[in-house]
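Structural features, examined
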Amino acid sequence: MSADETRRVTDMLDRDTRQSTDAPPPSTELLIVGPAGYRTEGTGGIGRYIAEQQQYLDGRVVVDIVDTAVRTPDRPVEYLRTLVTILTGWVGFLGRSRPDVVHVHTSHQFSFYISTPYVLVASLLWGCPVILHVHGSSFDTFIEDASLPIATLQRWVFAACSATVALSEGWRDVLSQRADADRIVVVPNAVDPAKYAPAAPGPRPHLVFVSNHIERKGIVEVTEAVDRLQEAGVEFRVTIAGNGPLSHHATAVAEKHDAVDYRGYVSEAEKRALLNEGSVYVLPTRAEGLPIAILEAMAGGNAIVSTDVGAIASVVDVENGALVTPGAVDELTVTLERLLTAPSVTDRMGRVSRERIEDAYAWPDIVEELLSLYASVLRDDSSSTDRAAA
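A short tour of the structure in this document, coming up. All of these numbers come straight from a predicted model, not from anything done at the bench. (Residues numbered from 1 in each chain as written. Predicted model: local features only at pLDDT ≥ 70, side-chain atom pairs only at ≥ 80, totals over all residues. Heavy atoms only, no water.)

In this section: the pattern of salt bridges. What the rule picks out here adds up to 19 salt bridges. Ionic pairing is found between Arg354 and Glu358, a salt bridge with its closest N-O pair at 3.0 Å. With Arg354 and Glu358 both in helix H13 (residues 343-360) and four residues apart, the pair spans about one turn of that helix. The network of salt bridges with shared partners includes Arg48, Glu268, Lys271 and Glu296. (Salt bridge = Lys/Arg side-chain N within 4 Å of Asp/Glu carboxyl O. Helix = DSSP H or I, 4+ residues; strand = E, 2+ residues; numbered from the N terminus.)

Here the focus is the sheet that holds strand E9 (residues 260-264). Pairing within the open sheet is parallel, and its six strands lie in the order E9-E8-E7-E10-E11-E12. Single-partner strands in this sheet number two, and they are E9 and strand E12 (321-324). Taking each pair of neighbouring strands and ignoring which way they run, the sheet shows an average axis angle of 15°. Bridging between strand E10 (residues 280-283) and strand E11 (residues 303-307) involves four bridges; their strand directions are parallel. Looking at the pairing, Val280 lines up with Ala303 of E11. Together, strand E8 (237-241) and E9 form the strand contacts of helix H9 (residues 247-256), whose direction differs from that of E9 by roughly 145°. (Pairing = 2+ DSSP bridges. Axes fitted to C-alpha atoms, helices over the stretch in contact; angles between N-to-C directions. Contact = heavy atoms within 4.5 Å.)

Attention shifts here to unusual backbone geometry. The backbone of Gln109 sits at a positive phi, close to 50°, despite the residue not being glycine. Position of Gln109 relative to the elements: it lies in the loop between strand E3 (101-106) and helix H4 (110-125). On the basis of relative accessibility, which here comes to 42%, the residue Gln109 falls in the partly exposed class. (Buried < 20%, exposed > 50% of the residue type's maximum accessible area, 1.4 Å probe, protein only.)

The next thing to look at is the side chain of Ser123. Summarising the element assignment, Ser123 is placed in helix H4. Look past the residues within four positions of Ser123 in its chain and what remains in contact with it is Cys128, Val130 and Ala160.

Before going further, it helps to examine helix H12 (residues 329-340). Between its terminal C-alpha atoms H12 stretches 16 Å, which fits the 16 Å expected from 12 residues at 1.5 Å a residue. Considering only its buried residues, H12 is in contact with strand E7 (206-210), helix H8 (219-231), E10, E11, E12 and H13. (Expected span 1.5 Å × (residues − 1).)

So, about H8. With 13 residues, H8 should cover 18 Å at 1.5 Å per step; its first-to-last C-alpha distance of 18 Å lies within 8% of that length. Inspection of H8 places Ile219, Glu221, Val222, Thr223, Ala225, Val226, Asp227, Leu229 and Gln230 among the buried residues, and these make up the whole buried set.

Quick look at the state of the cysteines now. Using the criterion set out here, one finds zero disulfides in the structure. Left without a disulfide partner, Cys128 is nearest to the cysteine sulfur of Cys161, which lies 11 Å away. Residue class for Cys128 comes out buried when judged on its relative accessible area of 4%. (Disulfide = S-S within 2.5 Å.)

Across the five residues of strand E4 (residues 130-134), five count as buried, placing the element largely inside the fold. The side-chain alternation of E4 yields two buried faces, one formed by Val130, Leu132 and Val134 and the other by Ile131 and His133. Here E3 runs beside E4; their pairing, made up of five bridges, is parallel. Directly across from Thr106, in E4, lies its bridge partner Val134. Relative to strand E5 (residues 163-166), E4 is paired through three bridges, and the arrangement is parallel. Pairing of His133 across the sheet is with Val165, part of E5.

This is a description of form; function is not addressed.
Structural data, given as structure tokens:
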């Protein structure tokens, strides 16, 4: 058995053990804090996670949400507006009644600093169990490059939490530099496979890219590789979706080749339909946590071509795709050609992707892990209160 297979079996056994734990009573009041996106355009990956978390917890516990999302300032006057929004959120939080559990979603840099007062108020002022759920593509560098004051703040925040959620074993190792390893729990991101229905293979392989058009996501490398393969006469079609400051690369390659379609921004329903139609999903990203986009593509039955950054290697290997070096256009081009010219291999990889989602990354299962975690921190909190009273 390979190391990856051993890891997946261990993860499933751990998941079964956690799911056997009693869930908290339905009257449990859970307060979710994070960038839900209610006040801003779009939600991002964390916002989508919070929305689905709320959906799958509905009826299992009583959920309330504090939205910490703010618009990125474009002009000097907007910095003041953003600061006022943040301060208003912090002050309003002080006036809330104490819930049973607080679940804070955070990321690196600015997101972490916004989250800090919520963690400290809930833990130190309310005496409430706090779970800090760490997302973000660059939390590793946020830890490694931290100055002494920032590192001290990081340790202080993690120490105030009853538990820290990491997205993979690799991220557990990263977070253990600041958090107590015994308090770190691995809970991966999730999707609902029932929302996806992979289509039968078409006459030509279908390459799909759906992401923000920024340098980190690899849009430049994707369009360059697509252009090279089209010029070389490889038979496949391409759909590029999303937008951003580098969308002109998508526009240019679509105008140059008839087999390339650039859709721009797509809705969630349109995205799911596109992933269901795809045969290969490409995301040559330079930094990630555990991209929900890749899990969605796997649920849609796609082979995955991505990079070995963040927790991507925990879900993508030679059985369901390939990992390339970030920024390496030549390697990406060769890898895509290998898969796009072997449809039987790609189809098999797509089926493996789908099976992995059903086995280990489906929301109906992951929500049980969250409920077990809530029950665990509540028990620990009750035990601490009993010891203090004695």
